[in-house]
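# Structure assessment
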Amino acid sequence: MQTIDNFTFKNKKVLIRVDFNVPIDAQNNIGDTNRIDATIPTITRILNDGGAVILMSHLGRPKGGPEEKFSLKHILPYLSLKLGRPVKFADDCIGLSAKDLAGSLQSGEVLLLENLRFYKEEEKGDREFAQKLAALGDMYVNDAFGTAHRAHASTAIVADFFPDTKMFGYVMANEIINLDKCLKEAKRPFTAILGGAKVSTKIEIINHLMDKVDNLIIGGGMMFTFIKALGGEIGASMIEEDFVELAKDIVAKAKSKGVNLYIPPDAVLADAFSNDANKRTSSAYEIQVPWMGLDIGPASCQKFNLVIEQSKTILWNGPMGVFEMNNYEAGTRFIALALARATENGAFTLVGGGDSVAAIHKYNLAEKVSYVSTGGGAMLEYIEGKQLPGISAILD
Ligand code: AMP
């Protein structure tokens, strides 16, 4: 795998695709700087080695032309602060201003290009547009894992113009290395814990993981589609009727492949979808309307903990319940803590996918697990076993 550690950058202009798609409010304040912060080691490594850096990113969903609120100029002050040096700005990502500024860039200097998605050619993966971007730099680094599942001009097509000088930055390399610790080199027993609302969005993940894991733990809203498939009464719990047959197939497949499938035996019930509803714990298989299951129960937690304690590799995606409401967060919190304990005892633990990442941060445990993936949709596609265009473009 070619990363920035395999190259030298003295007097080179290095075009880096970063993911600066951060939330920005009406006063142009950045809500969450994590994505910017994550790229600083890559940028700094190249600058310290005598390179000049040209940064390109998308921001938000502009309609195909310039829109003030999606201008990357809003992040300039924060980026300069983090890098400890001024950052130049081209108000267009191609064209004269970008060309002139890139052309005169000196070693140790940083240039940020305007939002790539002000051109519809970006998302179309347009070759001519990619070539114009490529003309700005001598080398190409992809460090935008968040968009690695898209074959856009700046994430994949542009790499064709740098056959010998294309590479991953640290964000991308870390994601690949850590995801592969689960998907390609898992120490056994390997346990996947899947939660979240819907089984329909997790089918490909379940199918792919079924060939790899020893244990598969199911929680969250999707557990009720399985419980229905197993003949349980689920009351007013979330259900995807169209997927009950598929859940049956998954149960059968697990059996035939020798995968231990763990479905929660008990649940925390509420008589309405509200934090103020009446609440009680019961079997997850005997729920009567108006009751609905909004979290896994204590017996489930204990059962899952025994599996987690014996695992050497653990992948967690999706909360165990409606963890956004205090009354239904205990299961998710319990799993987060169990992962932290497993990590301390030597297991490799990876948390990925929007809501489980939010949960691990909510309980201040992000530092206590082995790796927290930054990748959202890209991470999900990677664990579905798909080839991500942003990765293939560098590896080819
Ligand atoms: P996903 O995006 O599929 O990972 O789903 C995450 C969402 O699932 C969170 O917003 C949770 O509140 C929700 N969720 C988890 N468990 C349940 C449940 N038992 N009933 C309804 N929603 C749930």
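Our subject in this report is the structure included herewith.

The rules behind these values
- Residues numbered from 1 in each chain as written.
- Predicted model: local features only at pLDDT ≥ 70, side-chain atom pairs only at ≥ 80, totals over all residues.
- Heavy atoms only, no water.
- Buried < 20%, exposed > 50% of the residue type's maximum accessible area, 1.4 Å probe, protein only.
- Helix = DSSP H or I, 4+ residues; strand = E, 2+ residues; numbered from the N terminus.
- Pairing = 2+ DSSP bridges.
- Expected span 1.5 Å × (residues − 1).
- Contact = heavy atoms within 4.5 Å.
- Phe/Tyr/Trp six-rings, centres within 6.5 Å; stacked < 30°, edge-to-face > 60°.
- Lys NZ or Arg CZ within 6 Å of the ring centre and 35° of its normal.
- Axes fitted to C-alpha atoms, helices over the stretch in contact; angles between N-to-C directions.
- Parallel < 35°, antiparallel > 145°, perpendicular 65-115°, else oblique.
- Nonpolar A, V, L, I, M, F, W, Y, C, P; charged D, E, K, R; others polar.

## So, the pairing of strand E7 (residues 190–194)
Within E7, 5 of the 5 residues are buried, leaving the element largely enclosed by the surrounding structure. Alternating positions in E7 separate into two faces, Phe190, Ala192 and Leu194 on one and Thr191 and Ile193 on the other, with burial throughout. Across 5 bridges, the pairing between E7 and strand E15 (residues 313–317) is parallel. Bridged to Thr191 within E15 is Ile314. With 4 bridges connecting them, E7 and strand E8 (residues 215–218) associate as parallel partners. Within E8, the position partnered with Ile193 by the bridge is Ile217.

## Thoughts on helix H11 (residues 330–344)
Here H11 contains 15 residues, and its C-alpha end-to-end distance of 21 Å stays within 8% of the 21 Å for a straight helix at 1.5 Å per residue. Among all positions of H11, only Gly331, Thr332, Ile335, Ala336, Ala338, Leu339, Ala340, Ala342 and Thr343 are buried. The elements touched by buried residues of H11 are E7, strand E14 (292–296), helix H10 (298–309), E15, strand E16 (348–351) and helix H12 (354–362). Positioned one or two residues after H11, Gly346 has a phi angle of 105°, which is positive.

## Here we look at the packing of aromatic side chains
Under the definition given, this model contains 2 aromatic pairs. Where Tyr119 meets Phe129, the ring centres are 5.3 Å apart and the plane angle is 35°; that geometry is what we call tilted. Residue Tyr119 is found in the loop between strand E4 (110–113) and helix H4 (120–124), and its partner Phe129 is found in helix H5 (residues 127–134); the two are separated by 10 residues along the sequence. For the ring pair Tyr140 and Phe162, a centre distance of 5.9 Å and an interplane angle of 25° mean the geometry is stacked. Of this pair, Tyr140 sits in strand E5 (residues 139–142) while Phe162 is found in the loop between E5 and strand E6 (166–168), placing the two residues 22 residues apart along the sequence. Here the two residues Tyr140 and Phe162 agree in accessibility, since each one is buried. Lying over the aromatic face of Trp291, Arg280 brings its terminal NZ or CZ to 4.5 Å of the ring centre. It is Arg341 that lies over the ring of Phe334; its NZ or CZ is 5.9 Å from the centre.

## Digging into the sheet that holds strand E3 (residues 88–90)
As summarised here, the arrangement of the 6 strands in space is E3-E4-E2-E1-E5-E6, forming an open sheet in which the pairing is parallel. Both edges of this open sheet fall to E3 and E6, since each of them pairs with a single strand only. Across this sheet, the average inter-strand angle for adjacent strands is 25°, counted without regard to direction.

## Observations regarding the packing of helix H7 (residues 203–210) against helix H9 (residues 244–257)
Taken N-terminus to C-terminus, the directions of H7 and H9 make an angle of 10°; their axes are 11 Å apart at the nearest point. Considering their axes alone, H7 and H9 lie roughly parallel with respect to each other. Residue-level contacts link Ile203, Ile206, Asn207 and Met210 of H7 to Leu246, Ile250, Lys253, Ala254 and Lys257 of H9. Here the contact of H7 with H9 is built from residues that sort into 6 nonpolar, 1 polar and 2 charged.

## Considering the environment of Lys255
By secondary structure assignment, the location of Lys255 is in helix H9. For Lys255, a relative accessible area of 73% gives the class exposed. Once the C-alpha coordinates of Lys255 and Tyr382 are considered, the two residues, 127 residues apart in sequence, prove to be 25 Å apart.

## Quick look at unusual backbone geometry
A cis amide bond, omega 0°, links Arg188 with the succeeding residue Pro189. Cis geometry is found at the peptide bond from Val289 to Pro290, where omega equals 10°. As for its placement among the helices and strands, Pro290 is situated in the loop between strand E13 (286–287) and E14. The phi dihedral of Asn11 is positive, around 60°, even though this residue is not glycine. Structurally, the position occupied by Asn11 is in the segment before strand E1 (13–17). For Asn364, which is not glycine, the phi torsion reads 55° and is therefore positive. Tracing the backbone through its elements, the reader meets Asn364 in the loop between H12 and strand E17 (371–372).

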